[in-house]
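# What the coordinates show
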Amino acid sequence: MIDLSKQWQYEKLDFKGCWHLAYYIPNKRGNGTLAGKMIDFKDGDLKSINSWSQWAGDELSKLGIEFHYIIRALGSNELEPLKGKPCAIMGANLGKRLGAKYAPWLINKKRATKSLHTLKTYQERFDELHEVYIANDKGGEDLNNKNVLIIDDITTTNCTIAEMKRAIFEKWPEANLHLFCLGKTEYDQASNDTISLKYF
């Protein structure tokens, strides 16, 4: 697993930890590549979702962190988390594996948003997501002083994660936030060359 915590975009989040498994390389996402496997995940291929979930569970277990809650980023058209989405399935799998409560209802959106891959600059993405997430405490959960794992499929600029943090901290300013993604966008064509495909 690759530690993102010291990269400047993620260091400024001041999360307790930020990790990903591989790199999403836009120009190298053919069949059989790790970037291609991420597309399979996003497309809802159940075999791929289970493989990524297994890999994620194995690596996150090695951290020795007791995660209390798992929350996922929402898709562009989701105002409330929908069942059956790839990250929803992975979140439920990780909850069982890590002994954490998968609690997707704890975060909602005020409105639908544009797909971030259609927005080219950081500022466009920031503006599109500005104050769009809202934390939901109707279940009586208290995330203060709890280890919360936010999961997403691919991270590029961290705009989504920063916005989720803002919303969560409005309700639970003492939550201990961690980030896990399958991939981080990268343009070095050799980035995945030393990462094993054994889970696939």
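This text follows the structure it describes.
Before going into details, it helps to say that this report is about the structure given with it. (Residues numbered from 1 in each chain as written. Predicted model: local features only at pLDDT ≥ 70, side-chain atom pairs only at ≥ 80, totals over all residues. Heavy atoms only, no water.)

### Quick notes on the packing of helix α3 (residues 46-61) against helix α4 (residues 86-98)
Rules: In this description, a line fitted to the C-alpha atoms serves as the axis of each element, helices being fitted only across the stretch in contact, and the angle between N-to-C directions of two axes falls anywhere from 0 to 180 degrees. A run of DSSP states H or I qualifies as a helix once it reaches four residues; a run of E qualifies as a strand once it reaches two. Both are numbered from the N-terminal end. Handedness of a helix crossing follows the sense of rotation of the near helix relative to the far helix, less than a right angle counterclockwise being left-handed and clockwise being right-handed. Note on contacts: a residue pair qualifies if any of its non-hydrogen atoms lie within 4.5 Å across the two residues. When residue character is reported, Ala, Val, Leu, Ile, Met, Phe, Trp, Tyr, Cys and Pro are called nonpolar, Asp, Glu, Lys and Arg charged, and the others, Gly included, polar.
The N-to-C vectors of α3 and α4 enclose an angle of 40°; their axes lie 9 Å apart at closest approach. In the packing of α3 onto α4, the handedness of the crossing is right-handed. Contacts between α3 and α4 pair Leu46, Ile49, Asn50, Ser53, Gln54, Ala56, Gly57, Asp58, Leu60 and Ser61 from the former with Pro86, Ile89, Met90, Asn93, Leu94, Arg97 and Leu98 from the latter. Here the contact of α3 with α4 is composed, by residue class, of nine nonpolar, six polar and two charged.

### Focus: the pattern of salt bridges
Put simply, the test is: A pairing counts as a salt bridge when a side-chain nitrogen of Lys or Arg comes within 4 Å of a carboxyl oxygen of Asp or Glu. Partly exposed residues are those whose accessible area sits between 20% and 50% of the maximum for their type, while under 20% is buried and over 50% is exposed, using a 1.4 Å probe and protein chains only.
Applying the stated rule across the entire model yields nine salt bridges. Of the charged contacts, one joins Asp193 and Lys28 as a salt bridge, the two residues approaching to 3.6 Å between their closest N and O atoms. In this pair, Asp193 is assigned in the segment after β8 (176-185) and Lys28 in the loop between β2 (17-24) and α2 (34-42), connecting sequence segments 165 residues apart. Glu59 is paired through a salt bridge with Lys62; the nearest N and O atoms lie 3.1 Å apart. The class of Glu59 is buried, set by a relative accessible area of 13%. Given the relative accessible area of 63%, Lys62 is considered exposed. One continuous salt-bridge network, built from bridges that share partners, spans Glu163, Arg166 and Glu170.

### Section: the sheet that holds β8
The criterion, for reference: When DSSP finds two or more bridges between two strands, those strands count as paired.
Taken in spatial order, the six strands of this open sheet run β1-β2-β8-β7-β3-β4, and their pairing is mixed. At either margin of the open sheet sits one strand with a lone partner, and together these are β1 (2-3) and β4 (101-102). Pairing of β1 with β2, which is carried by two bridges, proceeds in the antiparallel orientation. From the neighbouring strand, Ile2 faces β2, where its bridge partner is His20. Packed onto the sheet, α3 meets β2, β7 (147-155) and β8 and runs at close to 140° relative to β2. Where helix α6 (residues 159-171) meets the sheet, it contacts β3 (69-72), β7 and β8, and its direction lies at approximately 155° from that of β7.

### Observations regarding the packing of aromatic side chains
Working definition: an aromatic ring pair is given by the centre-to-centre distance plus the angle between the planes. To be explicit about the condition: By convention, a stacked pair of Phe, Tyr or Trp rings (six-membered ring in the case of Trp) has centres within 6.5 Å and planes under 30 degrees apart, an edge-to-face pair has planes over 60 apart, and any other such pair is tilted.
Within this structure, the stated rule accounts for four aromatic pairs. With a centroid separation of 5.5 Å and an interplanar angle of 10°, the aromatic rings of Trp55 and Tyr199 are classed as stacked. Of the two residues, Trp55 is situated in helix α3 and Tyr199 in the segment after β8; the sequence distance between them amounts to 144 residues. The exposure class of Trp55 is buried, given its relative accessible area of 7%.

### Section: unusual backbone geometry
Here the phi dihedral of Asp14 falls at roughly 60°; this positive angle occurs in a residue that is not glycine. Inspection of the secondary structure assignment puts Asp14 in the loop between α1 (8-11) and β2. A relative accessible area of 64% places Asp14 in the exposed class. For Asn145, which is not a glycine, the phi torsion comes out positive at approximately 65°. Along the polypeptide, Asn145 turns up in the loop between β6 (133-135) and β7. Owing to a relative accessible area of 57%, Asn145 belongs among the exposed residues under this scheme.

### So, the state of the cysteines
Convention followed: Any two cysteine sulfur atoms lying within 2.5 Å of each other are counted as a disulfide.
With the rule as written, the count across this model stands at zero disulfides. Free cysteine Cys87: the closest other cysteine sulfur is in Cys181, separated by 8.2 Å. For Cys159, which is in no disulfide, the shortest distance to another cysteine sulfur is to Cys181 and amounts to 13 Å.

### Some words on the environment of Asp153
Condition: Polar contact is the term for a pair of N or O atoms within 3.5 Å; when the atoms are in protein, one must be able to donate a hydrogen and the other to accept it, and sequence-neighboring residues count only if both atoms are side-chain atoms.
By secondary structure assignment, the location of Asp153 is in strand β7. For Asp153, a relative accessible area of 14% gives the class buried. In sequence terms Asp153 and Lys6 are 147 residues apart; their C-alpha atoms lie 20 Å from each other. Of the polar contacts made by the side chain of Asp153, one reaches the side chain of Lys42; its length is 3.0 Å.

Limitation: the analysis is restricted to geometry and does not speak to function.
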